[in-house]
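What the coordinates show
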Amino acid sequence: MPDLLGLAVAAGEPVLVAGAVTLWVVVLLRLPSAVGSAPRRRLLLAVAGLAASVTVYLDPVTALLSATALAGSCGIVMNLWGVLSAAFILDFVLAALSRRRPWPVYGSAIAVCVGLVLLDGIDGGTQSGCVSSLQVPWYSPFWWLLCAAHVAAVVPAMVVSARCARRAGSRSVRLGLALLAAAFVSSTLFWGVVVIARLVSGAAWIGGLFTVNIALTTWLMAASTAVPLLVGAGRRARAVWWRWRLRGLWRALVDAVPEVRMPGGSLTGPGRFSVDLRLYRRVIEIRDALLVLRHRIDAPTVDAARAHVRALGPGGGGEPAVVACWLPLALDPAVGPPAPGTEAGPQVAAEDNPWTSEVAFQRELARLRDRPFVTAFVDTARAGAPAGLVPQVRR
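Given the structure is predicted, the values throughout are model-derived calculations rather than measurements. (Residues numbered from 1 in each chain as written. Predicted model: local features only at pLDDT ≥ 70, side-chain atom pairs only at ≥ 80, totals over all residues. Heavy atoms only, no water.)

So, the environment of Gly318
Checked against the element boundaries, Gly318 lands in helix H12 (residues 318–331). For the pair Gly318 and Glu364, spaced 46 residues apart in the sequence, the C-alpha separation amounts to 9.6 Å. (Helix = DSSP H or I, 4+ residues; strand = E, 2+ residues; numbered from the N terminus.)

Notes on empty space enclosed by the protein
According to the stated counting rule, one finds three cavities of 30 Å³ or more in the structure shown. Quantified by volume, the largest cavity comes out at close to 330 Å³. Around the largest cavity sit 22 residues that line it, and Leu50, Ser53, His150, Ser187 and Trp191 are the ones nearest its centre. Counted by class, the lining of the largest cavity contains 14 nonpolar, eight polar and no charged residues. (1 Å grid on protein atoms, 1.4 Å probe; cavity = no way out; pocket = protein on both sides within 12 Å on 5 of 7 lines; lining within 4 Å. Points joined across faces, edges and corners; volume = space filled by probe spheres on them. Nonpolar A, V, L, I, M, F, W, Y, C, P; charged D, E, K, R; others polar.)

Description of the packing of aromatic side chains
One pass over the full model with this rule turns up seven aromatic pairs. On the numbers, 5.2 Å between centres and 25° between planes, the contact of Trp241 with Trp244 is stacked. Taken as a pair, Trp241 and Trp244 lie in helix H8 (residues 207–245) at a separation of three residues, close to a single helical turn. Overall, the relative accessible area of 44% leaves Trp241 in the partly exposed class. Members of the aromatic cluster, each reached through a chain of ring pairs, are Trp81, Phe88 and Tyr106. Between the NZ or CZ atom of Arg247 and the centre of the ring of Trp244, over which it lies, the distance is 4.2 Å. Here Arg282 stacks its cationic end above the ring of Trp250, 4.3 Å away from the centre of that ring. (Phe/Tyr/Trp six-rings, centres within 6.5 Å; stacked < 30°, edge-to-face > 60°. Buried < 20%, exposed > 50% of the residue type's maximum accessible area, 1.4 Å probe, protein only. Lys NZ or Arg CZ within 6 Å of the ring centre and 35° of its normal.)

Structural notes on the packing of helix H11 (residues 299–310) against H12
One can describe the packing of H11 onto H12 by two numbers: an axis separation of 9 Å at closest approach and a directional angle of 130°. Comparing their axes, H12 and H11 come out oblique. Of the two possible hands of crossing, H11 and H12 adopt the one that is right-handed. Along the contact surface, H11 presents Thr301, Val302, Ala305, Arg306, His308 and Val309, while H12 presents Gly318, Glu319, Ala321, Val322, Cys325, Trp326 and Leu329. Here the contact of H11 with H12 is composed, by residue class, of eight nonpolar, three polar and two charged. (Axes fitted to C-alpha atoms, helices over the stretch in contact; angles between N-to-C directions. Parallel < 35°, antiparallel > 145°, perpendicular 65-115°, else oblique. Left-handed = near helix turned anticlockwise from the far one by under 90°. Contact = heavy atoms within 4.5 Å.)

What to know about helix H10 (residues 275–294)
Think of an α-helix as turning once every 3.6 residues; residues three or four places apart then point the same way. Look at H10: 28 Å from first C-alpha to last across 20 residues, which is about the 28 Å you get at 1.5 Å a residue. Every buried residue of H10 is accounted for by Leu279, Arg281, Arg282, Val283, Glu285, Ile286, Ala289, Leu290, Leu293 and Arg294. Looking at the buried side of H10, the elements it contacts are H8, helix H9 (247–256), H11, H12 and helix H13 (354–368). (Expected span 1.5 Å × (residues − 1).)

Description of the layout of surface pockets
Counted as a void, the largest pocket has a volume near 660 Å³. As for the largest pocket, its lining consists of 27 residues, and the residues nearest its centre are Arg30, Leu43, Leu177, Ser224 and Pro228. Among the secondary structure elements, those contributing two or more residues to the lining of the largest pocket are helix H1 (2–34), helix H2 (38–55), helix H4 (74–96), helix H6 (141–167), helix H7 (171–201) and H8. The element contributing the most residues to the lining of the largest pocket is H8, with eight residues. Across the lining of the largest pocket, the residue classes tally to 17 nonpolar, seven polar and three charged.

Brief notes about the environment of Glu364
Within the element layout of this structure, Glu364 appears in helix H13. Taking the C-alpha atoms as reference points, Glu364 and Ala321, separated by 43 residues in sequence, lie 7.9 Å from one another.

Below is the structure:
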């Protein structure tokens with residue numbers, strides 16, 4: 001067992017330090033988005049409380065505190081902060097259930113803290129301290145009360161997070177809640193099983209599991225809190241990639257229909273740095289240009305393009321391929337307007353998500369516009385001079 005204990009402590013300590021640093025970084029990154037949202041503030045407060053509880057137990061921080069005025073009371077201060085952080089978690093859970101009761105929650109936490117201070121004072125301050133170096137009898141009311149307070153707060157959080165994860169429609173939300181539930185499971189295991197086992201058995205090797213268990217809880221909490229950050233980073237990366245993929249199509253269209261281009265100062269302030277808004281602007285300008293260009297082509301030409309794509313088979317490309325076929329004809333400066341009454345009407349998308357379907361449509365159009373089947377249709381159309389393709393009279 002000593003070898004196992006030493007191995008666990010040696011492996012767990014650096015992992016715990018890295019997890020605590022990561023958790024604080026995630027908290028700081030999530031802070032701007034939590035300012036205007038009460039639920040996010042409560043979640044971030046609960047996570048920050050856990051981060052602080054873990055941080056004060058780290059060896060470098062403990063050594064720093066030992067040289068301050070908290071040296072004599074550091075143990076009880078850390079224990080009391082742990083109770084308050086558990087109250088933050090319970091408050092967050094009740095608020096998520098629309099049953100927030102701040103007075104009973106924090107009143108109970110204060111009562112537990114007062115009880116811990118009294119119990120610690122009765123034994124001359126020998127009960128409080130770091131959980132990893134317990135030197136108290138198994139029946140210590142101080143530690144049983146402390147464990148009960150943590151379990152009472154974390155178990156409801158575990159149950160609620162697991163239930164919400166099962167019902168969540170979004171995969172990212174489901175993943176974040178599942179990781180959060182796993183973090184609460186790890187915390188429940190720590191306070192409800194590992195610490196109790198250490199108290200009852202007195203086995204020193206169980207103390208080696210403390211660091212590993214706390215590190216696991218810390219990393220799970222950091223991962224769950226970081227899910228929105230990772231989703232946002234992925235969304236911005238996709239927006240940059242999609243905007244880059246659309247640049248050729250966009251350039252050709254705004255050159256042909258310059259009036260659709262928005263003023264250069266339409267994105268001001270922080271908006272000019274938003275990749276989402278810049279992508280939105282590009283997609284809208286492409287969409288407007290396509291609507292204008294569609295009126296330069298007559299309905300028979302569009303029908304011929306659709307028949308040409310249909311002849312390619314099921315993998316022909318659908319409506320983006322149809323637009324790719326007639327678009328070069330509409331961009332041709334030698335092409336005049338179609339005869340009155342033969343204009344092709346505007347294209348109407350019937351998808352449930354107009355924005356997603358429009359971006360997917362334009363990406364596919366940008367991919368297909370230089371394909372051989374498009375070139376073949378354009379050459380045939382120009383050679384056959386279908387109705388509506390009347391050379392423009394230059395004056």
